[in-house]
Amino acid sequence: MSQALTPETILSLAADAGSAANARKLATPGKWPTLNDADGVLWGECQGSGKTPYLTAVDLSGPVAKCSCPSRKFPCKHGLALLLLHASHGSDFGSQPAPESIQAWLAGRQNREVQKAEGGQQKAEKEADPAAQAKRRAAREKKVTAGLEGLHLFLKDLVRDGLATASSRPYSDWDTQAARLMDAQAAGAARRVARIPELLGDPAALLAHLGELALLAEGWMHRAGLSENELADLRSALGFPLDAAGLLETEGIRARWNVLGQALIQEETLTVRRQWLQNSDQTALLLDFAPAGRPLPPALPLGQSVEAGLVFAPSAFAQRAVLKGEAGASGPLTALPAPLTLTAMLSAHADALACNPWLERAAYLLGPVRVLPGEPWSVVDETGDRLPLTGAERPLLKLLAESGGEAVSIFGEWDGAAFAALNFWTGQAGGHR
Amino acid sequence: MSDLNMLLATALVGTSRASLPVHAGTPLADALNRVKGDGAESTLLARAALAGLAARAGQRPLPLAPPPDPAPAELLPEAPARVARHLIAVLNTPMLTEWLGLCGAAGWRVPHASVPDLLDWGAHVNEDLRATLRPVLGERSRWLAGFSSDWRWLRGLRSGEATLDEMEWDAATEAGREHLFRALRAADSAAGRAFLTVHFKAEKAGVRKRLLDVLAQNWQAEDAELEPLLEETLSDRSEDVRAQARRLLQLWPDSAYNLRMTGRVGSMLGQEKVGLLGKLTGQRKYTLSLPDTPDADLKRDGLEPVKHPAERLRHLLSAAHPVTLMTALDLTPAGLVNLAAQFEGVDELVRTVFASAAPPVQPAFPELAELLLPRLKGSFKHWRADLLALVPAQRREAELHAALRGHDSQLVLALLRVLPRPWPADLSAEVVRQLGRAICKAESQYAAYDKNSDWDPAWIQVLELAQTHAAPDAPRPPPLPTDAPDYARQTLDTLHASLDLRAQMHADFAAERKA
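Residues numbered from 1 in each chain as written. Chains lettered and ligands numbered in written order. Predicted model: local features only at pLDDT ≥ 70, side-chain atom pairs only at ≥ 80, totals over all residues. Heavy atoms only, no water.

Here we look at the sheet that holds strand S14 (residues 408–414) of chain A
All names here are of chain A. Worth spelling out the cut-off: Any two strands with at least two DSSP bridges between them are considered paired. The helix and strand labels rest on DSSP assignments: H or I over at least four residues marks a helix, E over at least two residues marks a strand, and numbering proceeds from the N terminus. Convention adopted: a line fitted to C-alpha atoms gives each axis, helices being fitted over their contacting stretch, and angles between N-to-C directions are expressed from 0 to 180 degrees. For this analysis, residues touch if any pair of their heavy atoms sits within 4.5 Å.
In space, the 5 strands of this closed barrel follow the order S11-S12-S13-S15-S14, with mixed pairing throughout. Neighbour-to-neighbour, the strand axes of this sheet turn through a mean angle of 50°, independent of strand direction. Pairing of strand S13 (residues 386–390) with strand S15 (residues 419–426) involves 2 bridges; the strand directions are parallel. By the bridge assignment for S15, Thr-390 is matched with Ala-420. Lying over the sheet, helix H12 (residues 342–355) contacts strand S11 (362–372), strand S12 (378–381), S13, S14 and S15, oriented at roughly 160° with respect to S11. Along the sheet face, helix H13 (residues 393–403) touches S11, S13, S14 and S15 and points at about 20° away from the line of S15.

This is the structure:
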């Protein structure tokens, strides 16, 4: 199990690029006076800046790391370096049992699941005050209604005056409208309004975008006619937060999930991480956010499978999910779904959009496909169909380096305009790179 | 016209001026016509939402395009996993070149997954370091380099296939042209010379200077073919270019330039009579005079008019090849040094020894360097290590051991810099021991700038050099005492970790080559 961890998988666990780079520097046996592998628990001592070396341990079943260094990142560079060393210098590890502090940590981890279940129940009892909740919800909905009514009026004014004059409007018009929607607690709508200025040069795209915004506003006015799942999609598009606590009270799907892709997006004030999991024909999206400069919660091992419970958020096209408890033991990938041709992916995406018109992206496994360098790069399947690729050129060059131009299976995100490759497999999908 | 464009025609001028379109002849027409809102604006927006969504959902693949030809088959076997595992640790460290050298010597190529990182590294380093990378990159790398402008450095540079793209040359900046010429010369030095013969005169002065700089950096015996071009360049409009041409012509003992220079020395020298003792000990005493006949080439050869003959001699000593001087004047190395000493020209002779020490180093140089060593004075003492680079290796090592014992960090550093790696085991052990002695009281890196500290910037550089050049299996001194400062202990630990890693690397390469 642990032997299957590749350096790429290990570095994908890093909270940021700095941790990954520092871990690579530390991954030489000379910097670790003690290295041990005690029944699936790696532990070692790494000389840091103080007199006492740091004591680092990794429970390979997660993998989850613990370290005595002061870093607030999980896992820290020492934990990652220990994993990297285990992958490259496994024979240098002894088999001494872990010291007491590590044993206590391991025991604590085992007990925590039980405590969490009990604690969760108490918490649910404490928070349950239906009357107050309903009151809060009604107040928020009232604000959103007012905000969206304003938005609809604004949109109607725009098309009444003509979009030809839209670009001569001062920027403050768009900013004010976005700010009003933020105040109305409709952050999703505000984000879409804030995108208007960048579309002013492309009137067709602008009109489609305004139509989408109008659909949000109209959808909200007519929400009484929507099914529960459709309403959930609308609420999510408007920026209503996911009721994660409520979701975690439900059963969820306990299974072995393949961790197929990870996208890390650095926004101005926020780091967003999307992790894509798959089990048989279900694809799940785990979303994590952290303020810029702060670490994200620990990632799941990319290219591995994990034993985990997932609860899907209600949606007409169920995709967003939350992790119930900690992920369990990791292992090699289990069977992957049959890869799609490009036409099949477009067709599947059309079906998804028919369920949820606000769906921003979905993830698919394509294959057998080749990548074609150019401006932009594109992905070509066996039938000669081609779609544009998006994202940095570097990972695509790495894909070419390993595939040598031969057909591969690519897992990535399709947003209706371009495909962003997140992971790939040479040879038959399901085999490893 | 598409549905969305029909709606756009109305939306651009505004619903107050234009009426809603009636959709016809498209798959979505009926559905769009059925959409009705509470007013023209709502209807238009709702129809735009539907048309936009349909466009997004009904995305069609792009027209057919042929995928690139697959990469050619590899000719070399891939480096085994046991040695490739070190690559991740040494990437972007000074130890990478050693790994590449070991891999190249074993006749292996790097794993495909490492190719982009190594091509990136190659894009940021100089030609010497690229030379260590090229042999291990394999066919996949050459194929891949065609897809990124950052990796152009690898393209078209296989021996015997080197050509310069004229269009690329015309579009390049001065620095770009230098880079292109350097790459051409590295791939095929004869092609480089042929290119220079044709293009040199047409270039601007800045480029001409850069092209000659490239020649000077790795002068080869075959470059003597360029003598006619360089002779012509002595009349170049730019003094910078003329000076560089003179330096290049000086490197070749048989060049007409050197013969002119030595001819001038010969015409200035006369011999004083020496007494019996002088005759018996083979001493010569010289007189100097400036020749009466005008010298037409004086200015071309970079010589200014002078008042005193000794001034002219010193200039000639610094501008002519020492071997040509010795041959023309029938002098031994000791005789040449004595001549220089008589007219206070030792410094010039030292300078000329360095200027003409391009490979192949002449057989007379070790003796010449040995004779000049005790005569270094003033600022020329800094050149001691450079002169020692010319003496036989044994003599140099003895000097190095003496410098280590005498804690002369500057000289140790200067001598170690010219020593090829890996250093001998006993020398490596002594360097590591002396580093431990010098650093043992250093509280932080700033201790190197404290006058009373044994630790100084030269030792820091020796430490950096030792990480990559010391013999990794050399015996190590005992660890520092437990009360030694953290900085000292950690710095030495890092050095030992690097040496351990290199030792493991060597052991793994040796084991895999045996297998």
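Quick notes on the nonpolar core
Residue and element names in this part refer to chain B. Put simply, the rule reads: Remark: nonpolar core denotes a set of buried residues (Ala, Val, Leu, Ile, Met, Phe, Trp, Tyr, Cys) joined through side-chain atoms within 4.5 Å. Exposure is judged per residue with a 1.4 Å probe applied to protein chains only, and the accessible area is read against the type maximum: over 50% gives exposed, under 20% gives buried, and values in between give partly exposed.
Membership of the largest hydrophobic core comes to 99 residues, with the highest contact counts inside it found for Leu-416, Trp-423, Val-431, Leu-435 and Trp-455. Apart from residues lying up to four places away in sequence, Leu-416 is in contact with Leu-400, Trp-423, Leu-427, Val-431, Val-462 and Leu-465. If you look at the next biggest cluster of nonpolar residues, it comprises 58 residues, including Leu-96, Leu-119, Trp-121 and Trp-151.

Some details on the environment of A:Pro339
Along the chain, the position of A:Pro339 falls in the loop between strand S10 (330–331) and H12. Placed 71 residues apart in sequence, A:Pro339 and A:Ile410 show a C-alpha to C-alpha distance of 8.4 Å.

Concerning the interface of chain A and chain B
Worth spelling out the cut-off: Accessible surface is computed with a 1.4 Å probe, and the buried area is the amount of it that two parts give up when combined, taken over both parts together. One side-chain nitrogen of Lys or Arg within 4 Å of one carboxyl oxygen of Asp or Glu is enough to make a salt bridge. Throughout this description, a polar contact denotes any pair of N or O atoms lying within 3.5 Å of each other; where both atoms belong to protein, one of them has to be capable of donating a hydrogen while the other can accept it, and for residues adjacent in sequence the pair is counted only when both atoms sit in side chains.
Facing 65 residues of chain A, the contacting portion of chain B comprises 59 residues. Across the chain A to chain B interface the summed buried area is about 5,100 Å²; carbon plus sulfur atoms make up 63%. When the area that chain A buries against chain B is broken down by residue, the three leading residues are A:Leu207, A:Arg386 and A:Arg394, summing to 12%. Scanning the region where chain A abuts chain B turns up 3 salt bridges. Our count for the contact surface shared by chain A and chain B stands at 19 residue pairs in polar contact (both at pLDDT 80 or more). Of all the elements in the fold, those that place two or more residues in the side of chain A that touches chain B are helix H3 (77–88), helix H5 (130–161), helix H9 (203–221), H12, S11, S13 and H13 of chain A.

Thoughts on the domain arrangement of chain B
All names here are of chain B. Selection rule: All the domain ranges listed were derived from an automatic or database domain assignment. Basically, the charged four are Asp, Glu, Lys and Arg, the nonpolar ten are Ala, Val, Leu, Ile, Met, Phe, Trp, Tyr, Cys and Pro, and anything else, Gly included, counts as polar.
As assigned here, chain B comprises domain 1 (3–57), domain 2 (81–154) and domain 3 (393–514). The centre of domain 2, based on its C-alpha atoms, is set 27 Å off from the matching centre of domain 3. Listed by partner, the interface residues are 16 residues for domain 2 and 13 residues for domain 3. Counting every contact that joins domain 2 to domain 3 gives 3 salt bridges. Applying the counting rule to domain 2 against domain 3 returns 7 residue pairs in polar contact (both at pLDDT 80 or more). It is helix H6 (residues 96–106) that contributes the most residues to the side of domain 2 that touches domain 3, 7 residues altogether. Here the side of domain 2 that touches domain 3 is built from residues that sort into 11 nonpolar, 2 polar and 3 charged.

Description of the confidence of the model for chain B
Residues and elements named next belong to chain B. Under the convention used in this document: For every residue, the predictor reports its confidence as pLDDT, a number between 0 and 100.
Predicted confidence across chain B gives a mean pLDDT of 88, with 98% of residues reaching 70 or more. When pLDDT is averaged over each helix and strand of chain B, the minimum, 72, is found for helix H16 (residues 276–281) and the maximum, 95, for H6. Across the assembled chains, the prediction reports ipTM 0.81 with pTM 0.77.

Let's talk about the side chain of B:Glu41
Inspection of the secondary structure assignment puts B:Glu41 in helix H3 (residues 40–57). Looking at B:Glu41, the relative accessible area reads 13%, which means it is buried. A distance of 2.9 Å separates the side chain of B:Glu41 from the side chain of B:Thr15, its partner in a polar contact. Those residues in contact with B:Glu41 that lie beyond four places of it in its chain are A:Lys156, A:Val159, A:Arg160 and B:Thr15.

Some details on unusual backbone geometry
Geometrically, the link from A:Glu375 to A:Pro376 is a cis peptide bond, its omega value of -5° lying close to zero. Turning to its location among the elements, A:Pro376 is positioned in the loop between S11 and S12. With an omega of -5°, the peptide bond between B:Arg421 and B:Pro422 qualifies as cis. Secondary-structure assignment places B:Pro422 in the loop between helix H24 (409–417) and helix H25 (425–439). The backbone of B:Asn92 sits at a positive phi, close to 60°, despite the residue not being glycine. With respect to the secondary-structure elements, B:Asn92 resides in the loop between helix H5 (87–90) and H6.

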